[in-house]
Amino acid sequence: MSTRWRNHIGDRPQAVETLTTGLLLAFTLVGVVLTRAVAAEEPLELWPGLVLSVLACAALLRRRSHPLLVLLVTTGCVITEGFLGYLLTPLLMGPMLVAQYTVSLRPDRRTTWYSAVAAAAGIALTGFVVTDADEWIISLVNPAAWVLMAALFGSYVRVRREYTVARAEHAAQERDEEARRRVIQERMRIARELHDVVAHHLALANAQAGTAAHLARAHPDQAISMIEKLPEVTASALRELKATVGLLRQDTDADELVPAPGLEQLPRLVETCASAGLDVTVTTEGRPQALTPGLDLTAYRIVQEALTNVTKHAATRSARVRLDYTPHYLTLTITNETGSRPTPATDSPGRGRGYGLLGMRERALSAGGTFHAGPRPGGGFEVACALPLPGSEESTP
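Everything numeric here is computed off the predicted structure, so don't read it as measured data.

Trainee: I would appreciate a short explanation of the pairing of strand β4 (residues 370–375) in the present structure.
Mentor: Remark: a regular strand shows side chains that alternate across the two faces of the sheet. Bridge analysis of β4 against strand β5 (residues 381–388) gives six bridges, and the strand direction is antiparallel. Paired with Phe-371 across the two strands is Cys-385, which belongs to β5.

Trainee: In this structure, what is going on with a nonpolar patch on the surface? I would like to understand it.
Mentor: Taken together, the side chains of Leu-19, Leu-23, Phe-27, Val-30, Leu-34 and Leu-91 present a nonpolar region at the surface, about 570 Å² in accessible area. Tracing the chain through its elements places Leu-23 in helix α2 (residues 13–37). The class for Leu-23 is partly exposed, based on a relative accessible area of 49%.

Trainee: Before we go on, may I ask you to explain the state of the cysteines in this structure?
Mentor: One way to say it: the disulfide is the covalent bond shared by the sulfur atoms of two cysteines. By the definition in use, this model includes zero disulfides. The thiol of Cys-77 is not disulfide-bonded; the next cysteine sulfur, from Cys-57, is found 9.1 Å away. The exposure class of Cys-77 is buried, given its relative accessible area of 5%.

Trainee: I keep staring at the confidence of the model for the protein chain and nothing clicks. Help me out?
Mentor: The predicted coordinates of low-pLDDT regions are not to be read in fine detail. Looking at the protein chain as a whole, the pLDDT averages 76, with 70% of positions reaching at least 70. Note that residues 340–353 has pLDDT below 50 and, in this model, 22 contacts with residues that lie over four places away or in other chains.

Trainee: Is there a simple way to explain the environment of Ala-276 in this structure?
Mentor: Here Ala-276 shows up in the loop between α10 (266–275) and β1 (279–285). Judged by its relative accessible area of 1%, Ala-276 is buried. C-alpha of Ala-276 to C-alpha of Arg-317: the two residues are 41 residues apart in sequence and 9.4 Å apart in space.

Conventions used here
Residues numbered from 1 in each chain as written. Predicted model: local features only at pLDDT ≥ 70, side-chain atom pairs only at ≥ 80, totals over all residues. Heavy atoms only, no water. Pairing = 2+ DSSP bridges. Helix = DSSP H or I, 4+ residues; strand = E, 2+ residues; numbered from the N terminus. Patch = residues over 30% accessible without salt bridge, like charges linked within 9 Å, V, L, I, M, F, W, Y side chains within 5 Å. Areas by Shrake-Rupley, 256 points an atom, 1.4 Å probe, with all protein chains shown as cover. Salt bridge = Lys/Arg side-chain N within 4 Å of Asp/Glu carboxyl O. Buried < 20%, exposed > 50% of the residue type's maximum accessible area, 1.4 Å probe, protein only. Disulfide = S-S within 2.5 Å. pLDDT = per-residue confidence, 0-100. Contact = heavy atoms within 4.5 Å.

If you want it as structure tokens, here you go:
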């Protein structure tokens, strides 16, 4: 059936109901006439069968609002026709079978089968009373079986509808959960970006301001020079904050956003750290390879956060960054000398501690890499992670 006809039928339920009942009445009347025609004994009165059939079909118009009452009326009509001598064929029993099917569509399964057994028993009792023993299969078993088949078919349709509804609800629930999961992931990603930007630049600005205050009396020239570099740090922070927060604005033109940082900006990061009094040495081993934007950003943020931790927690004023390119992995190693006091990787936000190492670990793992952070055997602290390069077939180093 085409969609046009389905819509046409769905817009006129009352007309469809009337037409269906009219067709069923026609079949039932044909059954009455045929039963009278094949009667072996004296001819049956035609008008009682016609009246009872019309009454049963008319009752079907209320079967959706009063299904049990309609089933009782149609069953009474069929039983009466049986006592009048009519052969209970499926054509003659049509209204009763439709009423039983309607009752079987109800969610109350106990009512369905109680009504089906009661109706089948009434039909069987009628056949037992009005027919001889050699005709029981036709007049007793066959009509009762039709009633049970109608109940079984209605129960099957009900189960299929319930399954369809449950499946649709499950699919809707899965879509909602997937949407919530994506929202949480996006919120965590943005929160991680904001944390990296704010923590890094504020830590450097705080270090510069502290150093300038310390040098203000003994070396005012150096203090003024350091204070003059503060606007560069804050301006860089504002640019990255604008780029990150701009992702939340749906009406923001993508051309207005600053490109995401990567390892190409590592020299600028080293200069910014130097202005805060942290001497950073960068070494590269292996042949540098092109990184995807996401992997490039991940590598840069890990280096940035590691240097921020050195600035905030380490007593030393020097750090080393090593980039090691292999055929399958980029290994980042950030180390500092003795005197480090980094935030433990197991710190939880609920205890008022930082998110630095936690954020670095999440970035590395989300890129399919590994992450390790802890004290060095000879003193100091080390952050190391291995990130899979594009085209790598291995998943672990």
